[in-house]
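# Observations on chain architecture
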Amino acid sequence: MSSDVTILYDSIRWEEKALLEAGKKNNINIQMVDCKKLALDLEKKPEDYGVVIQRCVSYYRNLHSTAALEGLGVKVINCLNTGVFAGNKLFTHMLLKKFGVPTPDATVAFSKDAALEALDTQGFPKVIKPTVGSWGRLISKLNDRDAAEGIIESREKMYPIYQIHYLEEFVKRPPRDIRAIMVGDKIVAAIYRKSKHWKTNMALGGEAEPCKVTPEMEEMCIKAKNAVQGDIVGVDLMESDEKGLVVHEVNNTTEYKNTVRVCEVDIPSLMLNYALNIEK
Ligand SMILES: Nc1ncnc2c1ncn2[C@@H]1O[C@H](COP(=O)(O)OP(=O)(O)OP(=O)(O)O)[C@@H](O)[C@H]1O
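Below is a short write-up of the structure. (Residues numbered from 1 in each chain as written. Predicted model: local features only at pLDDT ≥ 70, side-chain atom pairs only at ≥ 80, totals over all residues. Heavy atoms only, no water.)

Time to look at the overall build of the chain. What the chain contains, in helices and strands, is 9 helices and 13 strands. Whereas a compact globule of 280 residues would reach a radius of gyration of roughly 19 Å, the chain reaches 19 Å, a difference of no more than 12%. If you line up the chain on its principal axes, its C-alpha atoms span 60 × 45 × 30 Å. Looking at the chain as a whole, 52% of its 280 residues are labelled buried. Long-range pairs, those at least 24 residues apart, make up 68% of the contacts in the chain between residues at least 6 apart in sequence. Total accessible area computed for the chain in this model is approximately 13400 Å², and 51% of it derives from carbon and sulfur atoms. Across the chain, the mean location of the 38 positive side-chain charges is 3 Å away from that of the 39 negative side-chain charges. (Helix = DSSP H or I, 4+ residues; strand = E, 2+ residues; numbered from the N terminus. Rg over C-alpha atoms; globule rule 2.2 N^0.38 Å. Buried < 20%, exposed > 50% of the residue type's maximum accessible area, 1.4 Å probe, protein only. Contact = heavy atoms within 4.5 Å. Areas by Shrake-Rupley, 256 points an atom, 1.4 Å probe, with all protein chains shown as cover. Lys, Arg positive; Asp, Glu negative; His and termini not counted. Charge placed at Lys NZ, Arg CZ, Asp CG, Glu CD.)

Our focus in this paragraph is the packing of helix H1 (residues 14-25) against helix H9 (residues 267-277). In a packed pair of helices, the relevant descriptors are the angle between the two axes and the axis-to-axis distance. Axis separation between H1 and H9 bottoms out at 8 Å; the angle between their running directions is 70°. Relative to H9, the element H1 is oriented roughly perpendicular. Where H1 crosses over H9, the two elements pack in a sense that is right-handed. Residues Ala18, Leu19, Ala22, Gly23 and Lys25 of H1 form the contact with H9, whose participating residues are Pro268, Ser269, Met271 and Leu272. In the contact of H1 with H9, the residues fall into 6 nonpolar, 2 polar and 1 charged. (Axes fitted to C-alpha atoms, helices over the stretch in contact; angles between N-to-C directions. Parallel < 35°, antiparallel > 145°, perpendicular 65-115°, else oblique. Left-handed = near helix turned anticlockwise from the far one by under 90°. Nonpolar A, V, L, I, M, F, W, Y, C, P; charged D, E, K, R; others polar.)

With 13 residues, helix H2 (residues 59-71) extends 18 Å from end C-alpha to end C-alpha; this agrees with the ideal 18 Å at 1.5 Å per step. Along H2, the positions that sit buried rather than exposed are Asn62, Leu63, Ser65, Thr66, Ala68 and Leu69. Where the residues of H2 are buried, they touch strand E1 (5-9), strand E3 (51-54), strand E4 (76-77) and helix H3 (80-86). At the C-terminal side of H2, Gly73 shows a positive phi close to 95°. (Expected span 1.5 Å × (residues − 1).)

So, on to the site of the ligand. Around the ligand, the structure places 25 residues, and the nearest of them are Lys89, Gly136, Asp177, Thr200 and Glu249. Between a nitrogen atom of the ligand and a side-chain N or O atom of Arg173, the distance comes to 3.1 Å. Within the side chain of Asp236, an N or O atom sits 2.9 Å from an oxygen atom of the ligand. For the ligand, whose free accessible area comes to 610 Å², the fraction covered by protein is 98%. (Near = heavy atom within 4 Å. Polar contact = N/O pair within 3.5 Å; in protein donor to acceptor, adjacent residues only side chain to side chain.)

On inspection of all chains with the given rule, the structure shows 3 aromatic pairs. Judged by centre distance (6.2 Å) and plane angle (75°), the rings of Trp14 and Tyr256 are edge-to-face. Here Trp14, found in helix H1, pairs with Tyr256, found in the loop between strand E13 (244-251) and helix H8 (257-263); they are 242 residues apart in sequence, far enough to count as distant. Assessed through its relative accessible area of 36%, Trp14 is described here as partly exposed. With a relative accessible area of 1%, Tyr256 lands in the buried category. (Phe/Tyr/Trp six-rings, centres within 6.5 Å; stacked < 30°, edge-to-face > 60°.)

Written out as structure tokens, the structure reads:
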């Protein structure tokens, strides 16, 4: 079967089902491909993919299947560079700075001792994040040296990626952050993620409310998307008491279920139409 758009997934969430439904509704010829069942002959371009919308949850599967398909000449949204850049909080931080997008101040340290020394100098609280990860996992607030010592020591026993100690200023802000969904150069919808916990992720029990898009927010999100060379991304922002809006993350395989629910915008149709119209 040849298709106009391929949805590449490794687990079917609400978002992937919604893309399939939107394809039917808009008469777009789409196919769903389970990446776990895929074996790509790297010597031969697959004929029938059309534009691929990359939806794999697994970081490694996502990155490597994008690399293979893009290398074979298939257009993938988002591209490999976006997977690499947006998939890593340190890489994103450097690019946001380069493109003039306000972002929380950060320090990267390459050993426990160096991290603790930086914390002793800069003070507390700080937020420590794995450079690769999502849903708020393994992100901790370091309130004092005792907490920092324990958390950083346990990270030293984990996979090498967790030994890259990425430390952010703790941003004082209202008890919420913002997720803005960008399709091309437009924020198609945005939500506040409110929570009693300092981590406002939906996966950790945050609640969604519609957020009004301002020109300032849109301009900042376009820059953030371009910084990581993205097409369809979720930009996460905080309203810092000191600095105003700051971008803390760009998601290259963004979830949008709650944004659709509270904003009533047909994001899956907008995504498919964008994919169809993109220059191949
Ligand atoms: N520097 C910070 N200061 C204060 N709060 C922060 C800071 N960084 C993140 N947070 C809070 O912690 C939450 C998780 O952080 P972040 O978005 O970086 O993690 P994540 O694992 O990539 O989550 P997701 O993939 O769901 O966006 C944010 O939604 C925000 O509420």
